[in-house]
Amino acid sequence: MEKVRTIVITGASAGVGRATARAFAAEGARVGLIARESDRLWAAEREMAERGGTGLALPADVANAEQVEAAAERAERELGPIDVWVNNAMATMFAPFAEITPDEFKRVTEVTYLGAVYGTMAALRRMLPRNRGRIIQIGSALAYRSIPLQSAYCGAKHAIAGFTDSLRTELIHDNKKIHLTMVQLPAMNTPQFSWCRSKLPRHPQPVPPIFQPEVAADLIVWASHHDRREVFVGAPTVVAIEGNKIAPGIADRYLGRTGFDSQQTSEPVPPERPDNLFQPVAADFAAHGIFDAESRASSSEAWLVKHKRATAVAGAAVFGALALAWTRR
């Protein structure tokens, strides 16, 4: 009988975190749910039991290291030793850099970057003595290819990638059996676009093409069972990351021309619209945002990720056949 695992997910009350918690619950896992907004956490906790798992609401602000540590301690006390820790919590704001205040930039960085650092610290305190465990950092194509209007968020995702690579080398040096994976996401249909702070004239949106959070959740759970260094979700993520390696200057100019309009709908932003940068927004959100009609529920790239070896063999066979045909000509 397969072992029932204990999972901790930050940012678990909505969006990709909520979808991932549901996916782990379907495996029968015990899931510690970390987020600030308590009502959504209780709802997520109830969902875990409905889907075959066990949930534990752990209200905490990931920008506060002491709160993250307390949540980790309670998770182990009530659910058991943590097998997988998923750093998913994030905050962003949409605005030109010149219009962002120091406190706003700091807050995005503290939640998105330092939240991942503090979560990793709490996980390692428990995993290192046991010499086992997995930590999954939820990244983005923006960890490699920055876009306009989200400078703080892009900077934080770049920082997570650099921090994770550094830590990985230390674990290798110490011969530790703790695996780090970074899952890079494309544009996702999550509630963040309804509650993020914005100084834009029109409603923020993810840059199309947009994917449903379940697409990411499926690969995050898959990554928790496989020793992959990095997982790209969706073909747009691959195109953005690999394309930036080849022609970053062209990408700069393209995004300078298109990146403002592509991140806004045609609808104005209501002046009274609340945001969650410093305080959570009490609203009945779950995994999905408001872009269901435009979002894709599957990704062909997911199959390629899960069958990397077969894809490589097939690719080599095709290349060999083409080379043989060319030489015969």
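On a predicted model such as this, the values are computed, not experimentally measured, just so you know.

Cut-off values and rules
- Residues numbered from 1 in each chain as written.
- Predicted model: local features only at pLDDT ≥ 70, side-chain atom pairs only at ≥ 80, totals over all residues.
- Heavy atoms only, no water.
- Helix = DSSP H or I, 4+ residues; strand = E, 2+ residues; numbered from the N terminus.
- Rg over C-alpha atoms; globule rule 2.2 N^0.38 Å.
- Buried < 20%, exposed > 50% of the residue type's maximum accessible area, 1.4 Å probe, protein only.
- Contact = heavy atoms within 4.5 Å.
- Areas by Shrake-Rupley, 256 points an atom, 1.4 Å probe, with all protein chains shown as cover.
- Lys, Arg positive; Asp, Glu negative; His and termini not counted.
- Charge placed at Lys NZ, Arg CZ, Asp CG, Glu CD.
- 1 Å grid on protein atoms, 1.4 Å probe; cavity = no way out; pocket = protein on both sides within 12 Å on 5 of 7 lines; lining within 4 Å.
- Points joined across faces, edges and corners; volume = space filled by probe spheres on them.
- Nonpolar A, V, L, I, M, F, W, Y, C, P; charged D, E, K, R; others polar.
- Expected span 1.5 Å × (residues − 1).
- Disulfide = S-S within 2.5 Å.
- Phe/Tyr/Trp six-rings, centres within 6.5 Å; stacked < 30°, edge-to-face > 60°.
- Pairing = 2+ DSSP bridges.
- Salt bridge = Lys/Arg side-chain N within 4 Å of Asp/Glu carboxyl O.

Enquirer: Can you walk me through the overall build of the chain in this structure?
Expert: Counting secondary structure elements, the chain contains 11 helices and 14 strands. Against the globule reference of 20 Å for 329 residues, the chain gives a C-alpha radius of gyration of 20 Å, in line with a compact fold. Oriented by its inertia axes, the alpha-carbon framework of the chain measures out at about 70 × 55 × 40 Å. In the chain, buried positions account for 51% of the 329 residues. Pairs at least 24 apart in sequence give 77% of the contacts found in the chain among residues at least 6 apart. A total of about 15300 Å² of accessible surface is found on the chain, and carbon and sulfur atoms cover 57% of it. Side chains of the chain carry 38 positive and 35 negative charges; the gap between the two charge centres is 7 Å.

Enquirer: Mind showing me how you'd approach empty space enclosed by the protein here?
Expert: Empty space among the atoms can be located by rolling a probe the size of a water molecule over them. Tallied over the full model, the rule gives 1 cavity of 30 Å³ or more. Taken as a whole, the largest cavity holds about 30 Å³ of empty space. As for the largest cavity, its lining consists of M90, A91, T92, Q192, W195, C196 and N276. Counted by class, the lining of the largest cavity contains 4 nonpolar, 3 polar and no charged residues.

Enquirer: Teacher, can you tell me more about helix α5 (residues 151–173) here?
Expert: Owing to its 3.6 residues per turn, the α-helix brings residues three or four apart onto one side. The terminal C-alpha atoms of α5 lie 34 Å apart, and with 23 residues this matches the ideal 33 Å at 1.5 Å per residue to within 8%. Every buried residue belonging to α5 is among A152, Y153, C154, A156, K157, I160, A161, F163, T164, L167, R168 and L171, and all of these are buried. Buried residues in α5 make contact with α4 (102–130), β6 (133–140) and β7 (178–185). Count one or two residues on from α5 and you reach N175, which has phi positive near 55 degrees.

Enquirer: Hey, could you run me through the state of the cysteines in this one?
Expert: By definition, a disulfide links the sulfur atoms of two cysteines through a covalent bond. Tallied over the full model, the rule gives 0 disulfides. The thiol of C154 is not disulfide-bonded; the next cysteine sulfur, from C196, is found 13 Å away. A relative accessible area of 1% means that C196 is categorised as buried.

Enquirer: Would you mind going over the packing of aromatic side chains with me for this structure?
Expert: Two aromatic rings are characterised by how far apart their centres lie and by the angle between their planes. Enumeration over the complete set of coordinates arrives at 5 aromatic pairs. Their ring planes at 90 degrees and their centres at 5.9 Å tell us that F97 and F105 sit as a pair that is edge-to-face. The class of F97 is exposed, set by a relative accessible area of 56%. F105 sits in the partly exposed class, given a relative accessible area of 27%. With a centroid separation of 6.2 Å and an interplanar angle of 85 degrees, the aromatic rings of F193 and F291 are classed as edge-to-face. In this pair, F193 is assigned in helix α6 (residues 192–195) and F291 in the loop between β13 (264–268) and β14 (295–296), connecting sequence segments 98 residues apart. For the pair shown, F193 and F291 are each scored as buried.

Enquirer: Honestly, the sheet that holds β14 in this entry has me stumped. Any pointers?
Expert: The strands making up a sheet associate through backbone hydrogen bonding, with each pair oriented either parallel or antiparallel. With parallel pairing, 3 strands are arranged side by side in an open sheet as β8-β11-β14. Of all strands in the sheet, those with a lone pairing partner are β8 (187–188) and β14, marking the two edges. Sheet analysis places strand β11 (residues 210–211) next to β14, joined by 2 bridges and oriented parallel. Bridge pairing in β14 links I210 to S295.

Enquirer: Would you mind going over the pattern of salt bridges with me for this structure?
Expert: A side chain of one charge can pair with a side chain of the opposite charge when the charged atoms of the two come close. Throughout the structure, instances matching the rule amount to 23 salt bridges. Here R126 and E69 are joined by a salt bridge, their closest N and O atoms 2.6 Å apart. Of this pair, R126 sits in helix α4 while E69 sits in helix α3 (residues 65–79); the two residues are 57 residues apart in sequence, bridging distant segments of the chain. Given a relative accessible area of 23%, E69 falls into the partly exposed group. Where K106 meets E110, a salt bridge forms, and the shortest distance between an N and an O atom there is 4.0 Å. In this pair, K106 and E110 both sit in helix α4, 4 residues apart, roughly one turn of the helix. Through salt bridges with shared partners, a single network forms among E104, R197, K199 and D275.

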